[in-house]
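Results of the structural survey
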Amino acid sequence: VRHFVVIGQRARASPDFLLVDIPSTSGRLDVLIRCLRAALLVSHGVRRDTVVYLSLLGDPERPRTLRFDGPAAKYMRPDERSLATVVKKVLATAADGGGEFRLVREGIAIADGGPERVWNELAACALYLLEEGAPDIRGTSLETENVAFVLGDHVGLPGDVREELIARGARPISVGPLSLHAEDAVTLVANELDRRASS
Ligand SMILES: C[S@@+](CC[C@H](N)C(=O)[O-])C[C@H]1O[C@@H](n2cnc3c(N)ncnc32)[C@H](O)[C@@H]1O
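Heads up: these notes are all about the structure in this document.

Basis of the calculations
Residues numbered from 1 in each chain as written. Predicted model: local features only at pLDDT ≥ 70, side-chain atom pairs only at ≥ 80, totals over all residues. Heavy atoms only, no water. Pairing = 2+ DSSP bridges. Helix = DSSP H or I, 4+ residues; strand = E, 2+ residues; numbered from the N terminus. Axes fitted to C-alpha atoms, helices over the stretch in contact; angles between N-to-C directions. Contact = heavy atoms within 4.5 Å. Near = heavy atom within 4 Å. Polar contact = N/O pair within 3.5 Å; in protein donor to acceptor, adjacent residues only side chain to side chain. Areas by Shrake-Rupley, 256 points an atom, 1.4 Å probe, with all protein chains shown as cover. Nonpolar A, V, L, I, M, F, W, Y, C, P; charged D, E, K, R; others polar. Buried < 20%, exposed > 50% of the residue type's maximum accessible area, 1.4 Å probe, protein only. Expected span 1.5 Å × (residues − 1). Patch = residues over 30% accessible without salt bridge, like charges linked within 9 Å, V, L, I, M, F, W, Y side chains within 5 Å. Salt bridge = Lys/Arg side-chain N within 4 Å of Asp/Glu carboxyl O. Phe/Tyr/Trp six-rings, centres within 6.5 Å; stacked < 30°, edge-to-face > 60°. Lys NZ or Arg CZ within 6 Å of the ring centre and 35° of its normal.

Spatially, 8 strands are ordered β6-β7-β5-β4-β1-β9-β8-β10 in an open sheet, and the strand pairing comes out mixed. With partners counted over all chains shown, the strands left at the sheet margins are β6 (102–105) and β10 (171–173), one partner each. The sheet shows a mean angle of 25 degrees between the axes of neighbouring strands, direction not considered. Sheet contacts for helix α5 (residues 159–167): β1 (2–8), β8 (126–130), β9 (147–152) and β10; angle to β8, the most-contacted strand, approximately 145 degrees.

Written out as structure tokens, the structure reads:
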């Protein structure tokens, strides 16, 4: 299984954003939603081998993390507004309060807390940190099964999350020489895995 973890430093875990103006009313949840689409959806379908975590850390008092399971996901339309509507409904639901993921609808779960809720679920995975300036993915031998890739949002990855990942053995890799939008980095990684899996 492939996993993508996107850390939204500014994205608020509140359903009170406006669908007509997601970027300026949500702390740039739009960035995370585009990453979700890039990781989970292909033309006319869902990647059944992919799980996506979105950590919403924009309100330090109330961080929450969403999990989208490709194997179980249903009725995911690819446009940003539809995905944002799903996220809005999920954010209107309380998590279980104990820090565990609670299933809210088929294939979608929510937990109170940030990325610390995720690492245990990825204990069996090879961890990669997507980072500008790191060794290029093309020259790197890469696990293609049970892998997890961690990305930052428009302001990058928080320093403490990076330290935690390095301590857990994560390898920094890059997808090219330029600083890209996070969703484009996701697309390039997914493509690289697709190519390696089919060769
Ligand atoms: C818009 S970039 C972050 C830019 C931010 N100003 C910074 O310096 O960290 C968003 C995320 O996409 C990923 N990313 C962007 N370009 C990349 C590249 N060339 N290689 C690997 N990851 C990249 C990283 O995870 C980054 O945190």
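The structure having been displayed, the exposition proceeds.
So, on to the site of the ligand. Surveying the vicinity of the ligand reveals 18 residues, the closest of which are Leu130, Asp153, Val175, Leu178 and Leu180. Within the backbone of leucine 130, an N or O atom sits 2.7 Å from an oxygen atom of the ligand. Between glycine 152 and the ligand, the recorded distance is 3.2 Å, taken from a backbone N or O atom to an oxygen atom. A total of 560 Å² of accessible area belongs to the ligand in isolation, and the protein chains cover 79% of it. Counted by class, the shell around the ligand contains 9 nonpolar, 6 polar and 3 charged residues.

Of all 5 residues in β8, 4 are buried, a share of seventy percent or more. Where β8 and β9 come together, 4 bridges link them in parallel fashion. Looking across to β9, one finds that leucine 127 is bridged to alanine 148. When β8 meets β10, the two strands line up parallel, connected through 3 bridges. Its bridge partner lying in β10, leucine 130 is registered against isoleucine 173.

Its 17 residues give helix α6 (residues 182–198) an end-to-end C-alpha distance of 25 Å, which sits within 8% of 24 Å, the value for a rise of 1.5 Å per residue. Listed as buried for α6 are Ala182, Glu183, Ala185, Val186, Val189, Ala190, Glu192 and Leu193. Packing partners of the buried residues in α6 comprise β1, α2 (29–40), β8 and β9.

Residues Leu178, Leu180 and Leu188 make up a contiguous nonpolar surface patch of about 260 Å² in total accessible area. Among the structural elements, leucine 178 can be located in the loop between β10 and α6.

Tallied over the full model, the rule gives 3 aromatic pairs. Both rings, one in phenylalanine 4 and one in phenylalanine 149, keep their centres 5.5 Å apart while their planes meet at 25 degrees; by these two values the pair is stacked. Here phenylalanine 149 lies in strand β9 and phenylalanine 4 lies in strand β1, a separation of 145 residues in the sequence. One exposure class covers both phenylalanine 4 and phenylalanine 149, and it is buried. Chaining the aromatic ring pairs together yields one cluster made of Phe4, Tyr128 and Phe149. Over the aromatic face of phenylalanine 101 sits the side chain of arginine 67, whose NZ or CZ is 4.8 Å from the ring centroid. Between lysine 88 and the ring centre of phenylalanine 17, over which it is positioned, the NZ or CZ distance is 4.8 Å.

Function-wise, these values are silent; they only describe arrangement.
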